[in-house]
Amino acid sequence: MADRVTVIGWDGSPLTAAARSALSAATLVAGAAHHLALPEVPPTAERIRLGSLGLAARRIAGHRGTAVVFADGDPGFFGVVRTLRAPEHGLEVEVVPAVSSVAAAFARAGMPWDDAQVVVAHPRTLRRAVNVCRAHSKVAVLTSPGAGPAELALLLDGVHRTFVICEELGTAKEQVSVLTSDKAADHSWRDPNVVIVIGGAGQVSAAAEPGWLLGQTPGQSGPRGWAAPQADVSEAGEGESAQLRAAQLARLGPRTGDLVWDIGTGSGALAVDAAALGAAVIAVDADPRACERVTAAARKRGVLLQVVPGHAPHVLENLPEPDVVRVGGGGAEVVAAVADRRPERIVSHASTRDEAEAIGRALTEHGYAVECALLQSVGLDPRTWAEQDRSVVFLLAAERPVTR
């Protein structure tokens, strides 16, 4: 095992005395090509160009001597420190930090970032990073090859955002570009880079009251809770009570990084609730008035979502892949089309047993595990305990089996 491991953060500034001291004693130095080219790296030290962090950590663990690992920015912030300290490697490390690339990017943009979400985009996590950009008005994306600004822009198709792209921060080739998301796919971008994604109707201005929690929570200034009764019950669809919405949200479990489809959004109440829980949302409805209502409701709640007018199932063909879906209208035909896209969870409802059986059959035929419950709710006036309204509806919830 290495006698000593020091992780040095590098942001383009001259190395500190502590970093130079550790480096002068190093018998092994690991880092990217631009780190290994620094004049302070001892010429006699073994050099490892970082690719797979796991492989590098194993080589460092087996090294007899003193090791130094370079990382851009703060190595403890989505960096190499986590990998090196993993139990399978058993390494104790000393850290000489630098300014994180996220902090540097926001500094170049002249923007505060305590209200920003920060995500890491790899090819395997790119879709979820894009969903965060759909749902939040300020996001810093730590990119990687194959999951850079162009790929982000392509997956954000139909959602307008502004990109601040910071290439090779701290080097002589540093460049900061500001452009709209629809233009980013037309360029080639140098690695490493950080992308600040900003925009949307829910964006909070820099002059707003300072927050107390890192990262912006959608709708945090709105009313507490979800599935609140609607002021205008005429806007709700048939059988769509607040109690049904609460049950549907509970079955869907939308969360940050998810994409929710709300098909037949109606009043938009469920779509807005899902967005307030941090998920990206696409609300679909054939009625232009419903599209206007959900847009207004999202603006009032301070959340971001995308509204797509059109008739399901045809309008669904070009939408990005969902994680969870609520089908508020269209019956078994639309449910079957949704199931073809293989979301993790689907919820729907029916006003008759025949309709419920048809929906349940469509879901079962697509391999989903289905549960059905008959929900009855009665609203009472607490002053007189007289009945105000009654709702009886079948709730269907389906979950895709986990593939081992």
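Residues numbered from 1 in each chain as written. Predicted model: local features only at pLDDT ≥ 70, side-chain atom pairs only at ≥ 80, totals over all residues. Heavy atoms only, no water.

Trainee: Explain the side chain of Arg 341 to me, please; I cannot follow it from the model alone.
Mentor: For Arg 341, the position within the fold is in the loop between α12 (331–340) and β15 (345–350). Within polar-contact distance, the side chain of Arg 341 engages the backbone oxygen of Leu 316 at 2.8 Å. In terms of polar contacts, Arg 341 uses its side chain to reach the backbone carbonyl oxygen of Leu 319, at 2.5 Å. (Helix = DSSP H or I, 4+ residues; strand = E, 2+ residues; numbered from the N terminus. Polar contact = N/O pair within 3.5 Å; in protein donor to acceptor, adjacent residues only side chain to side chain.)

Trainee: I tried to follow the sheet that holds strand β7 (residues 138–142) on my own but got confused; where do I start?
Mentor: The strands making up a sheet associate through backbone hydrogen bonding, with each pair oriented either parallel or antiparallel. With mixed pairing, the five strands of this open sheet are ordered in space as β6-β7-β10-β8-β9. The two strands at the open ends of the sheet, each matched to only one other strand, are β6 (117–120) and β9 (175–180). Within the sheet, the average angular offset between the axes of one strand and its neighbour, ignoring direction, is 20°. Those strands touched by helix α6 (residues 126–135) are β6, β7 and β10 (193–198), and its axis lies near 165° from that of β6. (Pairing = 2+ DSSP bridges. Axes fitted to C-alpha atoms, helices over the stretch in contact; angles between N-to-C directions. Contact = heavy atoms within 4.5 Å.)

Trainee: What am I meant to see in the packing of helix α10 (residues 269–276) against helix α11 (residues 288–301) here?
Mentor: For any two helices packed against each other, the geometry is given by the interaxial angle and the distance between the axes. One way to put it is that α10 packs onto α11 with a least axis distance of 9 Å and a crossing angle of 35°. Between α10 and α11 the crossing geometry is right-handed. Residue-level contacts link Ala 271, Val 272, Asp 273 and Ala 276 of α10 to Val 294, Ala 297, Ala 298 and Arg 301 of α11. When its residues are assigned to classes, the contact of α10 with α11 shows six nonpolar, no polar and two charged. (Left-handed = near helix turned anticlockwise from the far one by under 90°. Nonpolar A, V, L, I, M, F, W, Y, C, P; charged D, E, K, R; others polar.)

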